[in-house]
Amino acid sequence: MGMSERELERLAPRLGEDAGERLDIDRVAHRVTARLRAAGGPAVSLPIGRWLALAAGVVLMVGAALFTFGSEGTPPGTPMAMAALTPGLRDLSVAELDQVLDSLSAATPVRLDGRSTLDDLNAEQLRTLLALMEG
Amino acid sequence: MPEPQPEDAALITRWQAGEEAAAAELVRRHGRPVARFLAAAGAGEEVEDLVQEAFFRAFRHIDGYRRGASFRTWVMAIAANALTDHRRRRGRRPVVALGDHDVADERADPHGEMVGGDLLRRVEAQVALLPPMQRDVFLLRAQQGLDYDAIARALDTSPGAARVHYHHAVKRLKRAVEW
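Just so you know, these numbers come straight off a predicted model, no measurement behind them. (Residues numbered from 1 in each chain as written. Chains lettered and ligands numbered in written order. Predicted model: local features only at pLDDT ≥ 70, side-chain atom pairs only at ≥ 80, totals over all residues. Heavy atoms only, no water.)

A. Region of interest: the overall build of chain B. Of the regular secondary structure elements, chain B holds eight helices and zero strands. N-terminal to C-terminal, the α/β element order of chain B is α-α-α-α-α-α-α-α. Counting over 179 residues, chain B shows a buried share of 54%. Counting contacts in chain B only where the partners sit at least 6 residues apart, residues at least 24 apart contribute 63% of the total. For chain B, the exposed area adds up to about 8500 Å²; of that, 49% sits on carbon and sulfur atoms. (Helix = DSSP H or I, 4+ residues; strand = E, 2+ residues; numbered from the N terminus. Buried < 20%, exposed > 50% of the residue type's maximum accessible area, 1.4 Å probe, protein only. Contact = heavy atoms within 4.5 Å. Areas by Shrake-Rupley, 256 points an atom, 1.4 Å probe, with all protein chains shown as cover.)

B. Examining the overall build of chain A more closely. Helix and strand counts for chain A come out as six helices and zero strands. When the elements of chain A are put in sequence order from the N terminus, they spell out α-α-α-α-α-α. A buried classification covers 33% of the 135 residues belonging to chain A. The long-range share in chain A, meaning contacts at least 24 apart out of those at least 6 apart in sequence, stands at 81%.

So far we have only geometry, and geometry alone does not tell us how the molecule works.
Structure representation (structure tokens):
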């Protein structure tokens, strides 16, 4: 019999408790401060904010383009198992769906046909794939 | 009457001003929960080194800490990244420490017999095998008791996505852990 969610949540706060108790906290504090001293304290901030903003903008633009292109390219009548979707998936952005998909595919290998990659899928297709992988 | 403990924010400010003792105090304050988080994530015998690494990275890059957010949660997110980096470097599968869980649960309830060491070990083993994002969301929510907003801020995702990761983690764990 599989475990119930309630039981799992009741057990979860105890996970790793032995390691917490065993940790020599003073030794860790000493080692951290020694490393910090050797490294010269906090790292000097680099002016990368503008680069990050620029990179984020590019990612957004590419994502939007993929989304638009994918939506237009969806063949009519593509089977969609929408009724089986995980609650909440509809509210996620393409990037977030990608993130969930990455997470799932780490343990559930997905094989696409030779012509397609994940980048070719639109948001609806990603949702459907997620639902199918979820089983 | 004992002296009131300084807030984390005050200690962080003192560290930024170069006070090493403030960093040490933050490690003492939050090190054990971070160790529990890492152990549950499958860090095995590397827990202490990874706790050290997480705090080192946090203090080195303290400018990345957003005032008002939980320092502990921020360090946990850094610890999760450190664990992922560590595994990638070593090319290792997660390690599940065989601790002293066989001790009877003193907080026993009607299901107390089942919530014993063996079950705890099996759940830990399965948590360690979850994909990193599911694992981190599950632990921050179920082990650390954070809400989805806090988890989303810590893991740089949205509350909706965190909810979905949690759903998948729980579903997988329920299926994987037989009892």
